[in-house]
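Single-letter residue listing:
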Amino acid sequence: MTGTQTAGRRYGGRDAAQRQQERRTRLIQAGLDLFGTAGYASASVKQVCSHAGLTERYFYESFRDREDLLAGVYNELITAIQAETAQAAAAAAPDVDAQLHAGLEVFIRTLTGDARKARLVLIEVVGASPRLEVRRREVLHEFAAMVAAVVAPLPDPKASSTRLTMTTMSLVGGVNELLVDWTLGHQNATVDELIDLCHTLFIAAHRAISDQI
């Protein structure tokens, strides 16, 4: 069988699945670029494809529609941010103060350091669709669980404390809204000031929680 006949399976050393993944990655990047600048409502599938240098046929091999792409970009960003935040906190263990500072620093600098990521994660997904609202709430709870695991690790992973879950959700929600405000230009604090303020709040909450659990 000639190389031409096998091109459907391998091309340039890559098989069909690898080429599709590369196209998907280009579309994800294009979605981040456009949704994170012009905004989700202003960017069409055609514009995304043009930005990615792909035809619409290739868009629909990976995504059902524009909302599906927004969800894909959001989930990839969140997965990366969660992994980097958890890694930073773990590297600072067992000092809880240091863990909280390290995790907050990675989270805040990741978003404030890239306006596209901040706009997409904090603003564009809000109210975009019922599906994305469900996912956005899940993400807030996931980050709250990460904080809870640092400030008050429980011997039984299935155990819970109402006070702990309410407190960590309040902290995560507070950081989220502070960064929304900062992204929209309503706060002129430096990034270091944002990190310091959030760390101060988290430490105070940690001490209060430690006295209650």
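Note that the structure is a prediction, hence the values are computed from the model and not measured.

Colleague: Please explain helix 2 (residues 45–52) as it appears in this structure.
Modeller: Every α-helical turn comprises 3.6 residues, leaving residues that sit three or four positions apart pointing alike. Looking at helix 2, one finds that the buried residues are Val45, Val48, Cys49 and Ala52. Angularly, the buried residues of helix 2 cover 95° about the axis, an arc narrow enough to put them on a single face. Residues of helix 2 that are exposed and point more than 90 degrees away from the buried face comprise Lys46 and Ser50. For helix 2, the secondary structure elements touched by its buried residues are helix 1 (16–35), helix 3 (56–62) and helix 4 (66–91). Where helix 2 terminates, the next one or two residues include glycine 53, which has phi positive at roughly 75°.

Colleague: Help me understand unusual backbone geometry, please; the structure alone is not making it clear to me.
Modeller: A negative phi angle is the norm for most residues apart from glycine, just as the trans form is the norm for most peptide bonds. With an omega dihedral of 5°, the bond running from alanine 93 to proline 94 counts as a cis peptide bond. Among the secondary structure elements, proline 94 is positioned in the loop between helix 4 and helix 5 (96–112).

Colleague: Can you help me understand helix 1 in this one?
Modeller: Helix length check: helix 1, at 20 residues, gives a terminal C-alpha distance of 28 Å against a target of 28 Å (1.5 Å per residue), a fit within 8%. Within helix 1 the residues assigned to the buried category are Arg19, Arg23, Leu27, Ile28, Ala30, Gly31, Leu32, Asp33, Leu34 and Phe35. You can read the cap of helix 1 off the contacts: a side-chain oxygen lies 3.2 Å from the backbone nitrogen of alanine 17, and it is on aspartate 15.

Colleague: Which parts of the structure should I look at to understand the confidence of the model for the protein chain?
Modeller: When pLDDT is low, close inspection of the predicted coordinates is not appropriate. Here the protein chain averages 91 in pLDDT, while 89% of its residues score no lower than 70. Within the model, the stretch residues 1–7 combines pLDDT values under 50 with 3 contacts to residues more than four positions away or in other chains.

Colleague: For this particular structure, what's the right way to read the layout of surface pockets?
Modeller: It is a probe the size of a water molecule, rolled over the atoms, that shows where empty space is left. Quantified by volume, the largest pocket comes out at close to 400 Å³. Lining the largest pocket are 24 residues, with Thr85, Phe107, Phe143, Val147 and Val172 positioned closest to its centre. For the lining of the largest pocket, the secondary structure elements donating two or more residues are helix 4, helix 5, helix 6 (115–124), helix 7 (130–151) and helix 8 (162–183). Top element by residues in the lining of the largest pocket is helix 7. It accounts for 7 residues. Grouping the constituent residues of the lining of the largest pocket by class yields 19 nonpolar, 4 polar and 1 charged.

Colleague: Would you take a moment to explain the packing of helix 1 against helix 4 for this structure?
Modeller: To describe two helices that pack against each other, one gives the angle between their axes and the distance between the axes. Closest axis-to-axis distance for the helix 1/helix 4 pair is 9 Å, and the angle between their directions is 95°. As far as their axial angle goes, helix 4 and helix 1 are roughly perpendicular. Listed contacts from helix 4 to Arg24, Leu27, Ile28, Gly31, Leu32 and Phe35 of helix 1 are Arg66, Leu69, Leu70, Gly72, Val73, Glu76 and Leu77. Grouping the amino acids of the contact of helix 1 with helix 4 by side-chain chemistry returns 8 nonpolar, 2 polar and 3 charged.

Colleague: Whenever I open this one, the environment of glutamate 105 confuses me. Can you help?
Modeller: Looking at the element boundaries, glutamate 105 is found in helix 5. Separated by 20 residues in the primary sequence, glutamate 105 and threonine 85 place their C-alpha atoms 8.3 Å from one another.

Colleague: I tried to follow the packing of helix 5 against helix 7 on my own but got confused; where do I start?
Modeller: For the pair helix 5 and helix 7, interaxial distance at closest approach is 9 Å and the crossing angle is 155°. The orientation of helix 5 with respect to helix 7, classified from their angle, is roughly antiparallel. Along this stretch, helix 5 crosses helix 7, giving a crossing that reads as right-handed. In contact with Val96, Gln99, Leu100 and Phe107 of helix 5, helix 7 contributes Phe143, Val150 and Val151.

Colleague: Help me understand the environment of isoleucine 81 in this model?
Modeller: Take isoleucine 81: it is sitting in helix 4. Placed 22 residues apart in sequence, isoleucine 81 and glycine 103 show a C-alpha to C-alpha distance of 9.9 Å. Leave out the neighbours within four places in its chain, and isoleucine 81 touches Phe107, Thr110, Leu111 and Phe143.

Colleague: Just to check I follow, could you spell out the packing of aromatic side chains for this structure?
Modeller: Each aromatic ring pair is specified by the distance between its two centres and by the angle formed by the two planes. For the structure on display, the rule yields 4 aromatic pairs. With 5.7 Å between their ring centres and 45° between their planes, phenylalanine 59 and phenylalanine 63 make a pair best called tilted. Where phenylalanine 107 meets phenylalanine 143, the ring centres are 5.2 Å apart and the plane angle is 65°; that geometry is what we call edge-to-face. Of this pair, phenylalanine 107 sits in helix 5 while phenylalanine 143 sits in helix 7, and the two are 36 residues apart along the sequence. Per residue, the accessibility class of phenylalanine 107 equals that of phenylalanine 143, and both read buried. Linked through ring pairs, Phe59, Tyr60 and Phe63 together constitute an aromatic cluster. Directly above the ring of tyrosine 58 sits arginine 57, whose terminal nitrogen or CZ lies 4.3 Å from the centroid.

Each value, and the rule that gives it
- Residues numbered from 1 in each chain as written.
- Predicted model: local features only at pLDDT ≥ 70, side-chain atom pairs only at ≥ 80, totals over all residues.
- Heavy atoms only, no water.
- Buried < 20%, exposed > 50% of the residue type's maximum accessible area, 1.4 Å probe, protein only.
- Helix = DSSP H or I, 4+ residues; strand = E, 2+ residues; numbered from the N terminus.
- Arc of directions from axis to C-beta.
- Contact = heavy atoms within 4.5 Å.
- Expected span 1.5 Å × (residues − 1).
- Polar contact = N/O pair within 3.5 Å; in protein donor to acceptor, adjacent residues only side chain to side chain.
- pLDDT = per-residue confidence, 0-100.
- 1 Å grid on protein atoms, 1.4 Å probe; cavity = no way out; pocket = protein on both sides within 12 Å on 5 of 7 lines; lining within 4 Å.
- Points joined across faces, edges and corners; volume = space filled by probe spheres on them.
- Nonpolar A, V, L, I, M, F, W, Y, C, P; charged D, E, K, R; others polar.
- Axes fitted to C-alpha atoms, helices over the stretch in contact; angles between N-to-C directions.
- Parallel < 35°, antiparallel > 145°, perpendicular 65-115°, else oblique.
- Left-handed = near helix turned anticlockwise from the far one by under 90°.
- Phe/Tyr/Trp six-rings, centres within 6.5 Å; stacked < 30°, edge-to-face > 60°.
- Lys NZ or Arg CZ within 6 Å of the ring centre and 35° of its normal.

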